[in-house]
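Understanding the architecture of this molecule
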Amino acid sequence: MKKHNFSAGPAILPQEVLSQAADAVRDLNGSGLSLIEISHRSKAFVNIMEEACALSLELSGLEKTTYRALFLQGGASTQFLMTAYNLLEKQAGYINTGSWSDKAIKEAKLFGNVVELASSKADNYNYIPKELKPTGDLDYVHITTNNTIFGTQFHDIPVLSAPLVADMSSDIFSRTFDYSKFGLFYAGAQKNLGPAGTTLVIADMDILGKVSRAVPSMMDYSLQMAKDSMFNTPPVFPIYTALLNMRWIKAQGGLKGVGKANAHKASLLYSEIDRNDCFVGFAATEDRSQMNATFNLTDASTAERFDQLWNEAGISGLKGHRSVGGYRASIYNALPLASVELLIEIMKEFERTN
Ligand SMILES: *Cc1c(COP(=O)(O)O)cnc(C)c1O
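Residues numbered from 1 in each chain as written. Predicted model: local features only at pLDDT ≥ 70, side-chain atom pairs only at ≥ 80, totals over all residues. Heavy atoms only, no water.

1. Remarks on the packing of helix α1 (residues 15–26) against helix α6 (residues 236–251)
- For the pair α1 and α6, the least separation of the axes is 9 Å and the interaxial angle reads 140°. It follows from the interaxial angle that α1 and α6 lie oblique. Relative to α6, α1 is oriented so that their crossing is right-handed. Residue-level contacts link Glu 16, Val 17, Gln 20, Ala 21, Ala 24 and Val 25 of α1 to Phe 237, Tyr 240, Thr 241, Leu 244, Asn 245 and Trp 248 of α6.
- For the contact of α1 with α6, the per-class residue count stands at eight nonpolar, three polar and one charged. (Axes fitted to C-alpha atoms, helices over the stretch in contact; angles between N-to-C directions. Helix = DSSP H or I, 4+ residues; strand = E, 2+ residues; numbered from the N terminus. Parallel < 35°, antiparallel > 145°, perpendicular 65-115°, else oblique. Left-handed = near helix turned anticlockwise from the far one by under 90°. Contact = heavy atoms within 4.5 Å. Nonpolar A, V, L, I, M, F, W, Y, C, P; charged D, E, K, R; others polar.)

What follows is the structure, encoded as structure tokens:
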């Protein structure tokens, strides 16, 4: 039986995307060859890469601009250093809203001066700080749009004079959004875009090529763009699966369609968390994430019984991250409304029988 998959990542993908991906591993479009046994320079794969880049720019509303899309390897964690490698000459600003921001800061410090413009670390990252420290010139400002572990999300993107760089690993293509606010944004695929193994990077070419240091080929955005993400062998399977998923998003009515469904799922779930006295939300109400809902039991001693209930109902991946405890319901694009409705049913049953 298919489980109701609330995993934070690697995370749920649409069933039809999984079966199309499986078909392509056996036989790519009736070619008699598997997706994973053909040359990445073949026409068949070059077409896949071109469509994946074009569709990611289309979903971002950035087609026919100076932005280019890349499908790279090394996960979002490699982007923590690659952004600084390519963009940090003197100093950059970072807003510290969670463990992933913290890790990005640590990497950037290897390349230049890092100013922490704001941080919610002292409160275990349960809110998004709004007041930013004034500073001198910054090469860029880095934010994490959705904090996967803590369940907070930027609902207003700060307006600054420096280019904005965003880690969007867990909320890319989840809602309508003005992506042109960013000079560069990136997302490890395995949360809301595809399987682990590729990272989407979309960057405005105009902000590149400004640092004086030499950048090694694999780390160089401009070179990767000149080579159409094929400086070396790209991860063909994750890229193809991400393409299938982006086609699926488009078929749902694009970002408007998935955004509406996601807002509905989140609003149902948070209403139950707030209504039901057995539960308490973790994140500040105004900063709640539409992708990862974090909550705790009001009485931690009842955990065993709640865990038994949701496990028996076929729910998977609901345990919170160890740094927050409690529960985290990741309600990404592909998670059906029915799964959220079931979870709410279980929360109500727990309340009745507690
Ligand atoms: C999961 C996650 C990461 C780490 O991604 P990797 O691809 O494993 O390096 C970074 N940032 C955010 C916001 C994440 O959710």
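2. What to know about the site of the ligand
- Surveying the vicinity of the ligand reveals 13 residues, the closest of which are Ser 77, Thr 148, Asp 167, Gln 190 and Lys 191.
- Separating an oxygen atom of the ligand from a side-chain N or O atom of Thr 148 is a distance of 2.4 Å.
- In terms of residues, the shell around the ligand owes the most to one element, helix α3 (residues 75–87), which gives four residues.
- When its residues are assigned to classes, the shell around the ligand shows three nonpolar, eight polar and two charged. (Near = heavy atom within 4 Å. Polar contact = N/O pair within 3.5 Å; in protein donor to acceptor, adjacent residues only side chain to side chain.)

3. Looking at the packing of aromatic side chains
- On inspection of all chains with the given rule, the structure shows 16 aromatic pairs.
- Measuring from ring centre to ring centre gives 4.8 Å for Tyr 179 and Phe 185, while their planes differ by 35°; the resulting arrangement is tilted. Neither residue differs from the other here; Tyr 179 and Phe 185 are each classed as buried.
- Through pairs of rings, three or more aromatic residues link up here, namely Phe 279, Phe 295, Phe 306, Trp 310, Tyr 327 and Phe 350. (Phe/Tyr/Trp six-rings, centres within 6.5 Å; stacked < 30°, edge-to-face > 60°. Buried < 20%, exposed > 50% of the residue type's maximum accessible area, 1.4 Å probe, protein only.)

4. As for the packing of helix α8 (residues 303–312) against helix α9 (residues 337–353)
- As a packed pair, α8 and α9 sit with axes 10 Å apart at the nearest point and diverge in direction by 140°. The angle between α8 and α9 places the two elements in the oblique class. For the element pair α8 and α9, the recorded crossing hand is right-handed. Along its contact with α8, which presents Arg 305, Phe 306, Leu 309 and Trp 310, the element α9 presents Ile 346, Met 347, Glu 349, Phe 350 and Thr 353.
- By residue class, the composition of the contact of α8 with α9 is six nonpolar, one polar and two charged.

5. Side note on the sheet that holds strand β3 (residues 91–96)
- Taking strand neighbours across the sheet as the criterion, the seven strands line up as β2-β10-β9-β8-β5-β3-β4 in an open arrangement whose pairing is mixed. Edge positions in the sheet fall to β2 (67–72) and β4 (113–119), since each has one partner strand and no second. Adjacent strand axes in the sheet meet at a mean angle of 20°, parallel and antiparallel pairs treated alike.
- Bridge analysis of β3 against strand β5 (residues 141–144) gives two bridges, and the strand direction is parallel. Paired with Gly 93 across the bridge in β5 is Val 141.
- Against the sheet, helix α2 (residues 43–59) touches β2 and β10 (199–204), its axis set at about 125° to β2. (Pairing = 2+ DSSP bridges.)

6. Describing the pattern of salt bridges
- As enumerated under the stated definition, the model contains ten salt bridges in all.
- The partner of Asp 274 in a salt bridge is Arg 288, with the nearest N and O atoms 2.9 Å apart. With Asp 274 in helix α7 (residues 254–275) and Arg 288 in the loop between β11 (279–281) and β12 (292–297), this pair connects stretches of sequence that are 14 residues apart.
- Asp 274 gets classed as partly exposed once you look at its relative accessible area, which sits at 48%. (Salt bridge = Lys/Arg side-chain N within 4 Å of Asp/Glu carboxyl O.)

7. What to know about the side chain of Ser 229
- Examined against the element boundaries, Ser 229 turns out to sit in the loop between α5 (221–226) and α6.
- Exposure remark for Ser 229: the relative accessible area of 3% places this residue in the buried category.
- Engagement of the side chain of Ser 229 in a polar contact is seen with the backbone nitrogen of Phe 71, the distance being 3.0 Å.
- With sequence-adjacent residues up to four places away left out, Ser 229 is seen in contact with Met 49, Ala 69, Leu 70, Phe 71, Gln 224 and Pro 234.

8. Considerations on the pairing of strand β8 (residues 164–167)
- Residues Leu 164 and Ala 166 of β8 are buried on one face, and the alternating residues Val 165 and Asp 167, pointing to the opposite face, are buried as well.
- Judged from the four bridges that link them, β8 and strand β9 (residues 182–188) form a sheet pairing that is parallel. The residue bridging Leu 164 from the neighbouring strand is Phe 182, located in β9.

9. A look at unusual backbone geometry
- In this structure, the amide linkage connecting Gly 9 to the following residue, Pro 10, adopts the cis form with an omega of -10°.
- Locating Pro 10 in the fold gives a position in the loop between β1 (4–5) and α1.
- With phi around 60°, Lys 64 is a residue other than glycine that occupies positive phi space.
- Within the element layout of this structure, Lys 64 appears in the loop between α2 and β2.
- For Lys 64, a relative accessible area of 86% translates into the label exposed.

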